[in-house]
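Observations on the model geometry
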Amino acid sequence: MDTGEALCAPLRGHTEHVWSVAFSPDGRRIVSGSWDCTVRVWDAKTGEALGSPLEGHTDWVRSIAISPDGRRIVSGSNDSTIRVWNMETGKAFGSPLQGHTSWVQCVAISPDGRRIVSGSNDRMIRMWDMETGDALGKPLQGHTAYIRSVTISPDGKYIVSGSEDKTIRVWDMETGEAFGAPLQGHTGPVASVAIFSDGSRIVSGSEDQTIRVWDAKTGVAIGFPLQGHSQCVSSVTISSDGSRIVSGSYDKTIRVWDADIIMGKTSVATIESHTGSVYSVAISPDGCSIVSGSDDTTVRVWDIETGKALVAPLRGHTGSVLSVAMSPDGKGVVSGSVDESIRMWNLETGDVLAVSLEAHTDYVQSVAILLDGNSIVSGSDDKTIRVWDIETGEAYHLSGHSDRIWSVAISSDGNRIVSASHDKTIQVWDMGTRNILSAPLQGHTHYVLSVAISPDVCHIVSGSEDKTIRVWDMGTGKPLGAPLEGHTAGVYTVAISSDGNRIVSGSDDQTVRVWDMKTGKAVGPPFRGHTAVVWSVAISPDGKRIVSGSGDKTIRVWDVEFLDRHQLFEVPAICFSSNPIHALHSAASFLQDSNTPAPFGLNEEGWVVGPEGRLLFWIPLNFYPVVYAPGNTLVIADNALQLDLSYVAHGMSWKRCREQS
């Protein structure tokens, strides 16, 4: 990939054109399909053919796909059939899959290996059951010419197809319905399509000799067509890390394109961030570092000022990391995972401190550490809470909830555990007796997703799928006042400031909100910047910063004083940078006569919108997830983007554009 040099001699054996090739998931084998009607398997390292050709098709083999487990090969042919082969033996599984009435130009396999998708010259896309070979549902119809290419999104939710009709279509995998209008832009047939590993972008190659990149969600073309090939771009693929696009053409060349340059990604710094949803964040006791756990199975540690990684990613979990907590001395981290285990890490070395703690029989959703640093509390989908001795690794369990446990918290005095559950209740436990202290706290009308305990151990705060936050009296178990309302979707995370005066919440509505603990009123407007659910929030010990982790794979750090200025009715700085010098010049003129000095944020079309719906400027949608938002002091993301608005002319100040410096 780096030098372009051939790694071995050409793989020879086919007697006609080779029309399709695929790598096995482990990279050890190559499978090819040819006009000689055969499929061949090769050793990727030596280039030697493995076994005899796979024979059965009666016409050209147009397309090849390999199952995610590497055990099966699927081939599509001009004989209008699809065949499934055993990778090891080379024998076909069952009879050919029949249903298409013309050439099968393309095949793909779902990420779970259960479905096959095929496209044909009969203008139809069909889905098949891998095990039984049965057709699933009705054919997907909409293209007006041959189907040249199909692929399936990494999450298995949608199909992308390219056609002779010069369009690309996106289909719902479950319903077979097309999402929106066709993607149009190519001036020739679309020969090949591929999807980035994060599912965010589609790449297409065409007989118009260009490659295009599209936003998978909006269908909007990103940037300009990639030009360089002198004939049809017959194949496109994307590197696993999403950094490069590779194209093959009838002009007998292969080209490698830098995806970051294509996407126009330029930034003040490049940070190797998480590659999956950030499910949990925590702040060190000294307020200097952030710990995060992600769907990418890693735990990471970041400098809260610079966003730089302080240690290499902590690897060991085999499933998503759903929760992290820092030890009171700031030297250790505890993590809970989908792999049903709990791990302890040394932050200075990145080493695992002991063998993983294993006793839960389902996902570990939440972990917490006692202030004395001697015990860990965990809550799991197995409906139990476990209390672990850090030295011995031994645990006892607490049972009482009737459904999965989403969150656990420990009081500052170490005497009580509070848990939140899918059963819509909150339980309070005595650490000494291991008993439930009172009847369940009831009031939420949906799952209770998060709990926190005030530093003085007087209050419990909870967030729920019912879109509300509730404050409870720890002693009586009764709610204090009305629910805190403002979020427009489920509240997935809550935290309390160290002085007990403020509550912070994160929601599926993609916002972070701050509330006054005493009055229950919102402190300023919500923080907007995330482009997916906010899974976790944490507050720095000095109460000046909030850290949030999101399904958009980013971590954002927010300046609480930004909200305080709103509370004082000061004119807010319109700034999309951590540097206040980059703020919009003379924001007051843009905000004049406004009765609703709301913070500025990006709408779904990429416009920065102010009070009364005023439009300030537009940002390309592909920058949306990584651009700094008002109130951000840091965004931890690949190629995070800051904007310098200090020279932007707006309103009547447009006249200044002609002034000489």
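Scope of this entry: the structure provided in the associated data block. Being a predicted model, the structure only gives us computed values, none of them experimental.

Rules used in this analysis
- Residues numbered from 1 in each chain as written.
- Predicted model: local features only at pLDDT ≥ 70, side-chain atom pairs only at ≥ 80, totals over all residues.
- Heavy atoms only, no water.
- Helix = DSSP H or I, 4+ residues; strand = E, 2+ residues; numbered from the N terminus.
- Rg over C-alpha atoms; globule rule 2.2 N^0.38 Å.
- Buried < 20%, exposed > 50% of the residue type's maximum accessible area, 1.4 Å probe, protein only.
- Contact = heavy atoms within 4.5 Å.
- Areas by Shrake-Rupley, 256 points an atom, 1.4 Å probe, with all protein chains shown as cover.
- Lys, Arg positive; Asp, Glu negative; His and termini not counted.
- Charge placed at Lys NZ, Arg CZ, Asp CG, Glu CD.
- Phe/Tyr/Trp six-rings, centres within 6.5 Å; stacked < 30°, edge-to-face > 60°.
- Lys NZ or Arg CZ within 6 Å of the ring centre and 35° of its normal.
- Pairing = 2+ DSSP bridges.
- Axes fitted to C-alpha atoms, helices over the stretch in contact; angles between N-to-C directions.

**Concerning the overall build of the protein chain**
A count of helical and extended segments in the protein chain gives 3 helices and 52 strands. What you see for the protein chain is a C-alpha radius of gyration of 28 Å, in line with the 26 Å of a compact globule of 661 residues. Principal axes of the C-alpha set define a box for the protein chain whose edges measure 80 × 75 × 45 Å. Burial status across the protein chain gives 54% buried among its 661 residues. Across the protein chain, every contact between residues at least 6 apart in sequence was considered, and the portion connecting residues at least 24 apart equals 42%. Summed over its atoms, the accessible surface of the protein chain is roughly 29900 Å², and 48% of this surface lies on carbon and sulfur atoms. A gap of 4 Å separates the mean positions of the 54 positive and 76 negative side-chain charges of the protein chain.

**Some thoughts on unusual backbone geometry**
Phi angles above zero are rare outside glycine, and glutamine 209 is one such case at about 75°. Inspection of the secondary structure assignment puts glutamine 209 in the loop between strand 18 (201–206) and strand 19 (210–215). Positive phi, normally seen in glycine, also occurs at threonine 297, with a value near 75°. Its location among the elements puts threonine 297 in the loop between strand 25 (289–294) and strand 26 (299–303). With a relative accessible area of 25%, threonine 297 lands in the partly exposed category.

**Observations concerning the environment of asparagine 622**
Its place among the elements puts asparagine 622 in the loop between strand 51 (615–618) and strand 52 (632–636). The class of asparagine 622 is buried, set by a relative accessible area of 18%. Between the C-alpha atoms of asparagine 622 and glycine 219, which are 403 residues apart in sequence, the distance is 12 Å.

**Brief notes about the packing of aromatic side chains**
Here the structure, examined in full by the defined rule, presents 7 aromatic pairs. Centre to centre, the rings of tryptophan 60 and tryptophan 103 are 6.3 Å apart; their planes meet at 50°, and the pair counts as tilted. Of this pair, tryptophan 60 sits in the loop between strand 4 (54–55) and strand 5 (61–66) while tryptophan 103 is found in the loop between strand 8 (97–98) and strand 9 (104–109), placing the two residues 43 residues apart along the sequence. According to the relative accessible area criterion, tryptophan 103 is partly exposed, its value standing at 32%. Centre to centre, the rings of tyrosine 492 and tryptophan 535 are 5.0 Å apart; their planes meet at 90°, and the pair counts as edge-to-face. Pair noted here: tyrosine 492 is in strand 42 (residues 491–496) and tryptophan 535 is in strand 46 (residues 534–539), with a separation of 43 residues, a long-range link. By relative accessible area, tryptophan 535 is classed as partly exposed at 26%. An aromatic cluster is defined as three or more aromatic residues linked by ring pairs; in this entry it consists of Trp19, Trp35, Trp60 and Trp103. Residue placement shows arginine 201 over the ring face of phenylalanine 196; its charged tip is 3.9 Å from the ring centre.

**So, the sheet that holds strand 13 (residues 147–152)**
Spatially, 13-14-15-16 is the arrangement adopted by the 4 strands of the open sheet, whose pairing is antiparallel. Looking at the sheet topology across the chains shown, the edges are occupied by strand 13 and strand 16 (183–184). Inspection of the sheet shows strand 14 (residues 158–163) paired to strand 15 (residues 167–172) by 5 bridges, in the antiparallel sense. For valine 160, the partnering residue across the bridge sits in strand 15 and is valine 170.

**Section: the sheet that holds strand 52**
Hydrogen bonds along the backbone pair up the strands of a sheet, which may run parallel or antiparallel. Taking strand neighbours across the sheet as the criterion, the 4 strands line up as 46-47-48-52 in an open arrangement whose pairing is antiparallel. At either end of the open sheet lies a strand with only one pairing partner, and these are strand 46 and strand 52. The average angle at which neighbouring strand axes cross in this sheet is 15°, direction not considered. As defined by bridge partners, strand 46 adjoins strand 47 (residues 545–550) across 5 bridges and the pair is classed as antiparallel.

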